[in-house]
2 protein chains.
Amino acid sequence: MSKPDKREEIVRAALEIIAEHGFHGAPMALIADRAGVGAGTIYRYFENKDVLITELYRELEERIYPVITEGYSEVKAFRERFLHLGTALLKYFINNPLDFRYLEQFHNSPYGVAFRRDRLLGEKEGCDVYRELFDEGIAQQVLKDVPLPIHFALAFGPLLSVARDHILGFITLDDLIIARTIEACWDAVRR
Amino acid sequence: MSKPDKREEIVRAALEIIAEHGFHGAPMALIADRAGVGAGTIYRYFENKDVLITELYRELEERIYPVITEGYSEVKAFRERFLHLGTALLKYFINNPLDFRYLEQFHNSPYGVAFRRDRLLGEKEGCDVYRELFDEGIAQQVLKDVPLPIHFALAFGPLLSVARDHILGFITLDDLIIARTIEACWDAVRR
DNA sequence: TGATTCAGAATGAACGTTCATTCCATGTTT
DNA sequence: AAACATGGAATGAACGTTCATTCTGAATCA
């Protein structure tokens, strides 16, 4: 196994185990096992567990961004762009439940809070597209007159909740329900 | 200190520490310290840490319910009832940040997932008022034609997100913004 | 009243376990 | 052969839980 291969295996194993059992249900020894690697080897690639966790978060963000923005065109009507970004994000989560579960774990932990605090301006997912879209919508008075974070809450709050329910098996989403949900979010933010 | 006093102190200390640092940042020894009791004393009142955690959850639920439903009348117009329940819940969270942080921790943990799964199967809903309101709205076609869990997501998702941002200091809510936020949620669920 | 007894509440040091991290003998590459 | 990478046993810190002991205050007795 080549050098970068091992790093990749470690990251993959960490994602699987942490997404399923949380940070504290993911001992380094288990991650090493699942990656097919010695416990000590992890420390050749990551200074410690915290670094592994935040590094994994960064990699997930980078994976998501291009998928979301694929087929996204800034020239389309505002509403269409909103629906595109919402649908793309929700579908990404549904198709990548491990990524979703990991991101949730991260957000609801001291890691995530510190991370967001550092980013106070960048806000959620670090995806600038969302911020730009909402800023434009507020400026053009297409969106309601509330602060940006409220818009984020109105748009992403239901989205995350629905994704979680689907992944945990409490509901089953299909294309129709997804479309209706995103349109409902649009009703929430539009003026 | 009388007998129920100690139990109360333990519960209070556990709420404070867990809300602030999470389940794993709350060793029993620290909870005992904060409560002003010996480490072993906790085990006179709670079989183990898990029982303490779920018991505390149950107590919080019981505390919230009467506050939410105060002044709530089933005869008022549907929209008014929705706004009342939404506003009451959001304001409760803002006024009781420890409660909110604890409930979030609980929901985003194996405890919470297991808890919800039991509820779904057992039909024994904790938030009956909310369930009744939404059921009625769907039946009367005041609400959009989507499954109940989607309505929950549309209504509570933004609410929790906004409460979290406020409590973490990322935004500052006032009565006007709260009212606009709940009304936006109404736009999301209404037909 | 003051002394004595006693049940159960409270205590915290000690225990066994789990975990992140370190260490080093061994293997691999250059 | 030198330099580096690896695995997994060893380490020590932290944790939840236990239990032998101490404390407390109500009940009983003289």
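The rules behind these values
- Residues numbered from 1 in each chain as written.
- Chains lettered and ligands numbered in written order.
- Predicted model: local features only at pLDDT ≥ 70, side-chain atom pairs only at ≥ 80, totals over all residues.
- Heavy atoms only, no water.
- Near = heavy atom within 4 Å.
- Polar contact = N/O pair within 3.5 Å; in protein donor to acceptor, adjacent residues only side chain to side chain.
- Nonpolar A, V, L, I, M, F, W, Y, C, P; charged D, E, K, R; others polar.
- Phe/Tyr/Trp six-rings, centres within 6.5 Å; stacked < 30°, edge-to-face > 60°.
- Helix = DSSP H or I, 4+ residues; strand = E, 2+ residues; numbered from the N terminus.
- Buried < 20%, exposed > 50% of the residue type's maximum accessible area, 1.4 Å probe, protein only.

As recorded in an unreviewed UniProt entry, chain A goes by the name TetR family transcriptional regulator, listed as coming from Geobacter hydrogenophilus.

Caption draft 1: Inspection of the protein's contact with DNA strand C at higher detail. For DNA strand C, the set of nearby residues contains 15 residues, the closest of which are Met28(A), Lys49(A), Gly38(B), Thr41(B) and Tyr45(B). When atoms of DNA strand C within 4 Å of the protein are sorted by moiety, sugar and phosphate together comprise 65%. The separation between a base nitrogen of DNA strand C and a polar main-chain atom of Gly40(B) is 3.2 Å. Tyr45(B) is positioned such that a nitrogen or oxygen atom in its side chain is 2.8 Å from a phosphate oxygen of DNA strand C. Of the residues in the surface near DNA strand C, the class split is 7 nonpolar, 5 polar and 3 charged.

Caption draft 2: Focus on the packing of aromatic side chains. Residue and element names in this part refer to chain A. Inspection of every chain in the model, using the stated rule, returns 30 aromatic pairs over all chains. Taking the centre distance of 5.2 Å and the plane angle of 70° together, the rings of Phe23 and Tyr111 count as edge-to-face. Highlighted residues: Phe23 in the loop between helix H1 (3–21) and helix H2 (28–35) and Tyr111 in helix H7 (residues 110–118), separated in sequence by 88 residues. When its relative accessible area of 8% is taken as the criterion, Phe23 is described as buried. Classification of Tyr111 as partly exposed rests on a relative accessible area of 22%. Summarising the aromatic geometry, the rings of Tyr57 and Phe106 are spaced 4.0 Å apart at their centres and angled 10° between planes, so their arrangement reads as stacked.

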